[in-house]
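# A structural walkthrough
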Amino acid sequence: MSKWIVCSAWPYVNTVPHLGTFIHLLSADIYARYLRLKGEEVVSITGSDEHGTPIEIEAIKSQISPKKLTDKYHHSILSLLKKYRIDFDNYTRTENQTHIDFVQEFYKKIQENGYIFSKEVELPYCNDCDRYLPDRFIEGTCPNCGSDKARGDQCEECGRILDPTEIGNPKCVFCKSSPVIKKTIHWFFDLPKLSEDVKSFLNSNKQLPDNAKNFSYKWLEEGLQPRSVTRDNKWGIPSPFPASEKKTIYVWLEALLGYISATIEWSKNQAKPNLWQKFWFDKETKSIYFIGKDNIPFHTIILPALLLASKEKYVLPWQVSSTEFILYEGHGKFSKSRRIGVWMDEALEIAGPEYWRFVLTLIRPETKDANFTWEEFERRINNDLNDAIGNFIHRSLSFIHLYFNGCVPSPSKLSARDREFQNKIKNSSRIVGELLDKVKIRDALNTIIELAREGNQYLSEKEPWHRIKDNKEDASTTLFLTTQLVHTLSILIQPFLPSIAEKIWMQLNLPKKAIEQQWKKIGEYIVEPNHKFGKIKPIFHKVNSSEIRIKRKIIP
Ligand SMILES: [Zn+2]
Ligand SMILES: [Zn+2]
């Protein structure tokens, strides 16, 4: 048994998350469920990322306080996670006191360790608004790709991390006037001092996907730069450095530490205040982060560097599963600011949560950008979920209901074809498990769909509906074996579709729950002859993309 810390990118709560953000939460949930079925010791954590300039901008626009805005979205996410069956051990928020205390202590500590220095810098300042313009308070031209969508912290177009003074033709986002440059003191994280340590971390990590590795090495080659830790904003965690009283900590550099503070809070909530250390300070613990590719350097360079700078024995990231972007109907990546995509709340008006879990897993952009279209949504639901999985299960169980009064028939001597089918069932958890171990979540679900297709193919070849009349023994053998596959599928899909797994389990009428089963015993378990099923009914229904388009007022 190993210890695991399963983390998802923290949703930034200036709005309800869109499905491009949801995929990280979903991936972490699937992975944690899989690990638990394997009997591993898991803590899964994330939370609402509440500070930073986009939230201040949104709050100013809506004429409410930032706290009021993040309260609203934090609570709406909590209720959505419940609906989607995303069960983190702790879904917290960066406004929680445990996080605030932890961040302040952490930065004091790395300052003592010699990794923080202060320096006078020149920053854009808006005279009309009477404020400094860090991060997203400023917009202009990207020095790297020339896009005019560059913000003070990052270019939307090329992903380059930026400094507000690098931007061409800068404008204040509030009043659109051109800023002046003013001198101010800020505190910096001495990232260059840790270059060698970060490099050896990257060299020793064999799991990181190619996109994460390539991006990180490119950063190292360009030479690591000190990162400014403080901001002049009011909305944020107060800076703990002496003489920095009016400043706050830059949102990214505190939210990253939320992975640890969320685990601390989880420990406290169970009255086991030291439990978190058993995870974070054990070098055998594996930590896995599900994030988008635009967040790679924060997780492969800045987070490890911060952890190393603390001189504590934190485990460094074991795996950073950084997915590419999901494009929406060929429009470009989902964008909160440009309202391109589908949001977690409105998605539920279109289809049930399990349908979304299913489709999003299948388009999970593991190696390249994926395109979401309503036609693809229809195809996946109708062909894969309804026809392959749903029909196989329903046919198998209803034939037994019809011919054997709902009781599992006894097998006779197995033919070569029967044995081949039986072996497929026995090997399935190993094959799916190997893919999940490599974090190939999409391929794992595809393999499960393929298995259900094999089941349908087997039924079509063996035709128990004919054999029941001329060879009842053969029909019995066939339906005994398909029952075993239904049982296997109900556990294999548990990480992906937990509510569906429970429904199948109820129809099979088996003791305990699908969630309480053991992954390694999936192929060994036998649903015994004469076992009586529960009430049988179809689990899925089809969807129609044209109807969705009309409902959403999308012109084809
Ligand atoms: Zn750019
Ligand atoms: Zn202004």
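Residues numbered from 1 in each chain as written. Chains lettered and ligands numbered in written order. Predicted model: local features only at pLDDT ≥ 70, side-chain atom pairs only at ≥ 80, totals over all residues. Heavy atoms only, no water.

## Some words on the overall build of the chain
Tallying secondary structure elements over the chain gives 19 helices and 16 strands in all. Against the 2.2 N^0.38 benchmark of 24 Å for 556 residues, the chain shows a C-alpha radius of gyration of 26 Å, consistent with a compact globule. Principal-axis analysis of the C-alpha atoms places the extent of the chain at approximately 90 × 55 × 40 Å. The long-range share in the chain, meaning contacts at least 24 apart out of those at least 6 apart in sequence, stands at 76%. A total accessible area of about 23,700 Å² is found for the chain, and carbon and sulfur atoms account for 49% of it. Computing the positive centroid from 79 side-chain charges and the negative centroid from 70, the chain places the two 3 Å apart. (Helix = DSSP H or I, 4+ residues; strand = E, 2+ residues; numbered from the N terminus. Rg over C-alpha atoms; globule rule 2.2 N^0.38 Å. Contact = heavy atoms within 4.5 Å. Areas by Shrake-Rupley, 256 points an atom, 1.4 Å probe, with all protein chains shown as cover. Lys, Arg positive; Asp, Glu negative; His and termini not counted. Charge placed at Lys NZ, Arg CZ, Asp CG, Glu CD.)

## Examining unusual backbone geometry
For Arg85, which is not glycine, the phi dihedral falls at a positive 60 degrees. Following the sequence through the fold, Arg85 ends up in the loop between α3 (66-83) and β3 (90-93). Notably, Ala243 is not glycine yet its phi reads approximately 70 degrees, a positive angle. Summarising the element assignment, Ala243 is placed in the loop between β11 (230-231) and β12 (248-249). For Ala243, a relative accessible area of 64% gives the class exposed. (Buried < 20%, exposed > 50% of the residue type's maximum accessible area, 1.4 Å probe, protein only.)

## Thoughts on the coordination of the zinc ion (ligand 2)
Every protein donor of the zinc ion (ligand 2) is listed here as Cys126 (SG), Cys129 (SG), Cys172 (SG) and Cys175 (SG), and their distances to the metal cover 2.2 to 2.3 Å. Each donor residue of the zinc ion (ligand 2) belongs to the same chain, and together they define the spacing C-x2-C-x42-C-x2-C. Of this pair, Cys126 sits in strand β4 (residues 116-126) while Cys175 sits in the loop between β8 (168-172) and β9 (180-189), and the two are 49 residues apart along the sequence. (Donors = N, O, S within 2.8 Å, 3.2 Å for Na, K, Ca; no water.)

## Examining the sheet that holds strand β7 (residues 150-151)
The sheet built from three strands is open, its strands ordered β7-β6-β8 with antiparallel pairing. Both outer strands of the open sheet, β7 and β8, are each paired with one neighbouring strand and no more. For strand β6 (residues 138-141) and β7, the ladder comprises two bridges, and the chain directions are antiparallel. Bridging from a neighbouring strand, Glu139 pairs with Arg151 of β7. (Pairing = 2+ DSSP bridges.)

## What to know about the side chain of Arg357
Looking at the secondary structure, you find Arg357 in helix α12 (residues 353-362). Assessed through its relative accessible area of 0%, Arg357 is described here as buried. Separated by 2.7 Å, the side chain of Arg357 and the backbone oxygen of Phe496 make a polar contact. Sequence-distant contacts of Arg357, defined by excluding residues within four places in its chain, comprise Leu26, Asp29, Ile30, Arg33, Tyr84, Arg85, Ile86, Pro495, Phe496, Leu497 and Pro498. (Polar contact = N/O pair within 3.5 Å; in protein donor to acceptor, adjacent residues only side chain to side chain.)

## Overview of the nonpolar core
Judged by nonpolar contacts, the single largest core of 165 residues is most densely connected at Tyr107, Phe189, Tyr259, Trp356, Phe372 and Phe377. Membership of the second largest hydrophobic core comes to twelve residues, among which are Ile138, Cys142, Cys155 and Leu162. (Core = buried A, V, L, I, M, F, W, Y, C linked by side-chain atoms within 4.5 Å.)

## Details of helix α17 (residues 472-492)
Helix length check: α17 (21 residues) gives 30 Å between terminal C-alpha atoms against 30 Å at 1.5 Å per residue, within 8%. Of all 21 residues making up α17, 19 are buried, and the element is well covered by its neighbours. (Expected span 1.5 Å × (residues − 1).)

## As for the packing of helix α14 (residues 416-437) against α17
When two helices pack together, you describe them by how their axes are tilted relative to each other and by the distance separating the axes. α17 packs onto α14 with a crossing angle of 5 degrees between their chain directions and a minimal axis gap of 10 Å. For the element pair α14 / α17, the angle class is roughly parallel. Every residue of α17 that contacts α14 at Asp418, Phe421, Gln422, Ile425, Ser428, Ser429 and Val432 is listed here: Asp474, Thr477, Leu481, Thr482, Gln484, Leu485, Thr488 and Leu492. Each residue belonging to the contact of α14 with α17 can be placed in one class, and the counts come to six nonpolar, seven polar and two charged. (Axes fitted to C-alpha atoms, helices over the stretch in contact; angles between N-to-C directions. Parallel < 35°, antiparallel > 145°, perpendicular 65-115°, else oblique. Nonpolar A, V, L, I, M, F, W, Y, C, P; charged D, E, K, R; others polar.)

## A look at the side chain of Lys462
Residue placement: Lys462 occurs in helix α15 (residues 441-462). For Lys462, a relative accessible area of 8% translates into the label buried. Within polar-contact distance, the side chain of Lys462 engages the side chain of Asp474 at 3.1 Å. Ignoring sequence-local partners within four residues, the contact set of Lys462 consists of Asp418, Arg467, Asp474 and Thr478.

## Quick notes on the coordination of the zinc ion (ligand 1)
Those donors, Cys142 (SG), Cys145 (SG), Cys155 (SG) and Cys158 (SG), are the protein atoms that reach the zinc ion (ligand 1), and they lie 2.3 Å from it. Mapping the donors of the zinc ion (ligand 1) onto the primary sequence yields the spacing C-x2-C-x9-C-x2-C. Within this pair, whereas Cys145 is found in the loop between β6 and β7, its partner Cys155 is found in the loop between β7 and β8, the two being separated by ten residues in sequence. Judged by relative accessible area, Cys155 falls into the buried class, the value being 2%.

## Considerations on the domain arrangement of the chain
Looking at the assigned domains, one finds that the chain contains domain 1 (3-109 + 250-357), domain 2 (115-194 + 202-231) and domain 3 (373-521). Put simply, the middle of domain 1 and the middle of domain 3, counted by C-alpha atoms, are 34 Å apart. Contacts between domain 1 and domain 3 engage 21 residues on the former and 25 residues on the latter. Both sides of the domain 1 and domain 3 interface together cover about 2,100 Å² of buried area, and 66% of this is carbon and sulfur. Among the residues domain 1 hides against domain 3, the three largest losses belong to Tyr34, Leu37 and Glu354. Together they make up 33% of the total. Counting the contacts that link domain 1 with domain 3 gives two salt bridges. For Glu502, the salt bridge identified is with Arg85, shortest N-O distance 3.0 Å. Contributing elements (two or more residues each) for the side of domain 1 that touches domain 3: α1 (19-37), β13 (286-292), β14 (319-323) and α12. (Domains from an automatic or database assignment. Buried area = accessible area lost by both parts, 1.4 Å probe. Salt bridge = Lys/Arg side-chain N within 4 Å of Asp/Glu carboxyl O.)

## Looking at the pattern of salt bridges
Taken as a whole and judged by the stated rule, the model has 37 salt bridges. Arg379 is the salt-bridge partner of Glu376, the closest N and O atoms lying 3.0 Å from each other. With a gap of three residues between them, Glu376 and Arg379 both fall in helix α13 (residues 374-404), about one helical turn apart. You can call Arg379 partly exposed: its relative accessible area is 41%. Among the ionic pairs, Asp387 bridges to Lys542, the shortest N-O distance being 3.5 Å. Note that Asp387 is positioned in helix α13 and Lys542 in the loop between α18 (498-508) and α19 (545-551), a separation of 155 residues in sequence. Taken together, the salt bridges that share partners define one network made up of Glu376, Arg379, Arg380, Asp384, Glu450 and Arg453.

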